[in-house]
Amino acid sequence: MSESLAFRGLINFIRDQYRSKDYIPLHAPSFHGREKEYVNETIESTFVSSVGAFVNRFEDDIAAYTKSPKAVATVNGTAALHTALLLAGVRAGDLVITQALTFVATCNAIAYCGAQPVFVDVDRRTLGLSPAAMEDWLDKNATVDNDGVCRTKCGERVIRACVPMHTFGHPCDLDGLNEICTQWGLSLVEDAAESLGSLYHERHTGTFGLFGTLSFNGNKIITTGGGGMILTGTEMGARAKHLTTTAKQPHPVAFVHDEVGYNYRLPNINAALGCAQLEQLEQLVSAKRSLAAKYTEFLRNSDLTFVAEPVGCRSNFWLNAVICGDESQRDSLLRATAAAGVMTRPVWQPMHLLPMFKECPRDDLTMTQWLAARIVNLPSSAPLDQKP
Ligand SMILES: *Cc1c(COP(=O)(O)O)cnc(C)c1O
């Protein structure tokens, strides 16, 4: 059977979901609310930049939606993660446990602190950091000293934090990870860039650790053009706000900055877009969940395995994914869909293979490599415009 024939059914099924004969992107943003109205308001008021009411409103709305005590807006998700890691105490020379199956921003943020990622394997069920693999690596390589700090057995390097990532919006095993972090004295920082709207045991992802971070890049479930958010407690929230706004002390006229701060604030014009987008988030999640249910049904008897949401979770199904039988089937699927004008994509190259992270400590990454050779993301835009 030719490649195009083998996947014709799937391609037709995808075209039916979007009722389109045009090119079908992997994930397009959707603007069906008050975006223009709010953005216009910032232009008419001239407050498009670093001052304006939409930033506070967006932070309050996200805090309320996620039930996080505090939310601090940033210029992008990478900046949010960088700030969170700094405030979690990650310093030059430290190690931070994370997964190799992630977008490069996770590891870049660790590197910005002068720290190094330690790559531990992921779980087949969640596609996120495996608590069993993490515990195994810690047992072999680490000890908790009398001062409560976790260090490597040989090199005496500090292992400060753990950054799991909720791949494609599917929540990791947060109870398992939390327990290990507590036991080993590590700070849990969730990279929840992909999982806005996803719940683990009815609680929002990004609210389980010391920090959680979100992204509002153009390809995420909602967008501010570019933007991010730090979810945390009240005290750390105040620290995060200070550090991301040039560490300026509140004063009516004088410029007094009390540490090296960052210009990581989200402009008001972007926050305006975010406020309008957030009003539609639940609708988007439910449209994406019903698309995922249709994929599940369609692929039930196929040789592609649809990635389902983990038990006990509500996934936002940011990106739908299938696991192919092998690498060659993956490549056929990628070629056939590309030829048919339907955008699909392999998963990121695992981080331990990138030149800047190839010397980082790592454990056995069998599942990471197995998945990396087989995952394909399928078109996942919320088919809102196509409602009859
Ligand atoms: C999108 C994303 C980020 C942050 O990206 P920005 O473009 O900086 O907002 C971080 N981690 C993961 C896993 C992501 O997918």
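Residues numbered from 1 in each chain as written. Predicted model: local features only at pLDDT ≥ 70, side-chain atom pairs only at ≥ 80, totals over all residues. Heavy atoms only, no water.

K.L.:
Give a description of the overall build of the chain that names residues and reports values.
P.N.:
Within the chain one finds 13 helices and 16 strands. Compactness check: the chain gives a C-alpha radius of gyration of 21 Å against a globular reference of 21 Å for 388 residues, within 12% of the reference. In terms of overall dimensions, the chain has a C-alpha envelope of 70 × 60 × 35 Å along the principal axes. Charge-centre separation for the chain: the mean point of 35 positive side chains lies 4 Å from the mean point of 41 negative side chains. (Helix = DSSP H or I, 4+ residues; strand = E, 2+ residues; numbered from the N terminus. Rg over C-alpha atoms; globule rule 2.2 N^0.38 Å. Lys, Arg positive; Asp, Glu negative; His and termini not counted. Charge placed at Lys NZ, Arg CZ, Asp CG, Glu CD.)

K.L.:
Provide a residue-level description of the packing of helix α3 (residues 35–45) against helix α10 (residues 268–278), including the pertinent values.
P.N.:
Where α3 contacts α10, the axes come no closer than 8 Å and their chain directions differ by 155°. Regarding the angle of α3 to α10, the classification is roughly antiparallel. Of the two elements, α3 crosses α10, and the hand of that crossing is right-handed. Between α3, through E35, Y38, V39, T42 and I43, and α10, the contact on the second element is made entirely by N268, I269, A272, L273, C275, A276 and Q277. Residue composition of the contact of α3 with α10, grouped by class: 8 nonpolar, 3 polar and 1 charged. (Axes fitted to C-alpha atoms, helices over the stretch in contact; angles between N-to-C directions. Parallel < 35°, antiparallel > 145°, perpendicular 65-115°, else oblique. Left-handed = near helix turned anticlockwise from the far one by under 90°. Contact = heavy atoms within 4.5 Å. Nonpolar A, V, L, I, M, F, W, Y, C, P; charged D, E, K, R; others polar.)

K.L.:
Outline the site of the ligand, supporting the account with residue identities and numerical values.
P.N.:
Taken together, 15 residues are adjacent to the ligand, and G77, T78, E194, S215 and K220 come closest. One nitrogen or oxygen atom from the side chain of T78 is found 2.5 Å from an oxygen atom belonging to the ligand. Interatomic distance of 2.6 Å between a side-chain N/O atom of E194 and an oxygen atom of the ligand. Summarising the interface, the protein chains cover 92% of the accessible area of the ligand, which totals 380 Å² for the free molecule. More than half of the atoms of the ligand fall within 2 Å of the grid points belonging to the largest pocket. Broken down by secondary-structure element, the contributors of at least two residues to the shell around the ligand are α5 (77–87) and α6 (104–112). (Near = heavy atom within 4 Å. Polar contact = N/O pair within 3.5 Å; in protein donor to acceptor, adjacent residues only side chain to side chain. Areas by Shrake-Rupley, 256 points an atom, 1.4 Å probe, with all protein chains shown as cover. 1 Å grid on protein atoms, 1.4 Å probe; cavity = no way out; pocket = protein on both sides within 12 Å on 5 of 7 lines; lining within 4 Å. Sits in = over half its atoms within 2 Å of the grid points.)

K.L.:
An account of the layout of surface pockets is requested, with residue identities and associated values reported.
P.N.:
Looking at the largest pocket, its volume works out to about 310 Å³. Every residue lining the largest pocket is counted, 23 residues in all, and those nearest its centre are F103, A105, A193, S215 and K220. Of all the secondary structure elements, the ones that give two or more residues to the lining of the largest pocket are α5, α6 and β10 (211–215). Here the residues of the lining of the largest pocket sort into 8 nonpolar, 11 polar and 4 charged. (Points joined across faces, edges and corners; volume = space filled by probe spheres on them.)

K.L.:
How would you summarise the packing of helix α4 (residues 53–66) against α10 if you had to cite specific residues and measurements?
P.N.:
Contact geometry of α4 with α10 gives a least axis separation of 8 Å together with a crossing angle of 35°. Two packed elements cross with a definite hand, and for α4 against α10 that hand is left-handed. Between α4 and α10, the contacting residues are A53, F54, V55, R57, F58, D61, I62 and Y65 on the first element and N268, A271, A272, G274, C275 and L278 on the second. A per-class count over the contact of α4 with α10 returns 10 nonpolar, 2 polar and 2 charged.

K.L.:
So what's going on with α3? Residues and values would help.
P.N.:
Here α3 has its buried residues at E35, Y38, V39 and T42. When α3 is viewed along its axis, its buried side chains cluster within an angular range of 95° and face the same direction. Facing away from the buried side of α3, by more than 90 degrees, are the exposed residues K36 and E44. In this structure, the buried residues of α3 make contact with α4 and α10. Directly after α3, the chain includes T46, whose backbone phi takes a positive value near 70°. (Buried < 20%, exposed > 50% of the residue type's maximum accessible area, 1.4 Å probe, protein only. Arc of directions from axis to C-beta.)

K.L.:
How would you sum up the nonpolar core? Please name residues and give values.
P.N.:
Core analysis: the biggest nonpolar cluster contains 53 residues, and F58, I62 and M229 have the highest contact counts within it. Every element with two or more residues in this core is listed here: α3, α4, β1 (70–74), β11 (228–232), α10, α11 (281–298), β14 (320–323) and α13 (366–372). Top contributing element to this core by residue count: α10, with 6 residues. (Core = buried A, V, L, I, M, F, W, Y, C linked by side-chain atoms within 4.5 Å.)

K.L.:
I'd like a rundown of helix α8 (residues 174–184), residues and numbers included.
P.N.:
Turning to α8, its buried residues are L174, G176, L177, I180, C181 and W184. For α8, the angular spread of the buried residues around the axis is 160°, confining them to a single face. Across from the buried face of α8, at angles greater than 90 degrees, the exposed residues are E179 and T182. Buried residues in α8 make contact with α7 (131–141), β4 (142–144), β5 (150–152), β6 (159–163), β7 (187–191) and β8 (199–200). Within two residues after α8, G185 carries a phi angle of roughly 70°, on the positive side.

K.L.:
Outline the sheet that holds strand β3 (residues 116–120), listing residues and values.
P.N.:
Two strands in a sheet stick together by hydrogen bonds in their backbones, pointing the same way (parallel) or opposite ways (antiparallel). If you trace the 7 strands from one edge of the open sheet to the other, you get β1-β11-β10-β7-β6-β2-β3, paired in mixed fashion. What marks the edges here is a single partner per strand, and that holds for β1 and β3. In this sheet, adjacent strand axes meet at a mean angle of 25° when their direction is disregarded. Sheet analysis places β6 next to β7, joined by 2 bridges and oriented parallel. Its bridge partner lying in β7, C162 is registered against L188. (Pairing = 2+ DSSP bridges.)

K.L.:
Quick one: what's the story with the pattern of salt bridges, residue by residue and with numbers?
P.N.:
A complete count under the given rule lists 16 salt bridges for this structure. In this structure, K140 and D136 form a salt bridge, with 3.6 Å as the shortest nitrogen-oxygen distance. Of this pair, K140 and D136 both sit in helix α7, 4 residues apart, roughly one helical turn. The salt bridge involving R239 is made with E259; its shortest N-O contact spans 2.9 Å. With a gap of 20 residues between them, R239 in helix α9 (residues 234–244) and E259 in the loop between α9 and α10 connect regions that are remote in the sequence. Given the relative accessible area of 30%, E259 is considered partly exposed. (Salt bridge = Lys/Arg side-chain N within 4 Å of Asp/Glu carboxyl O.)

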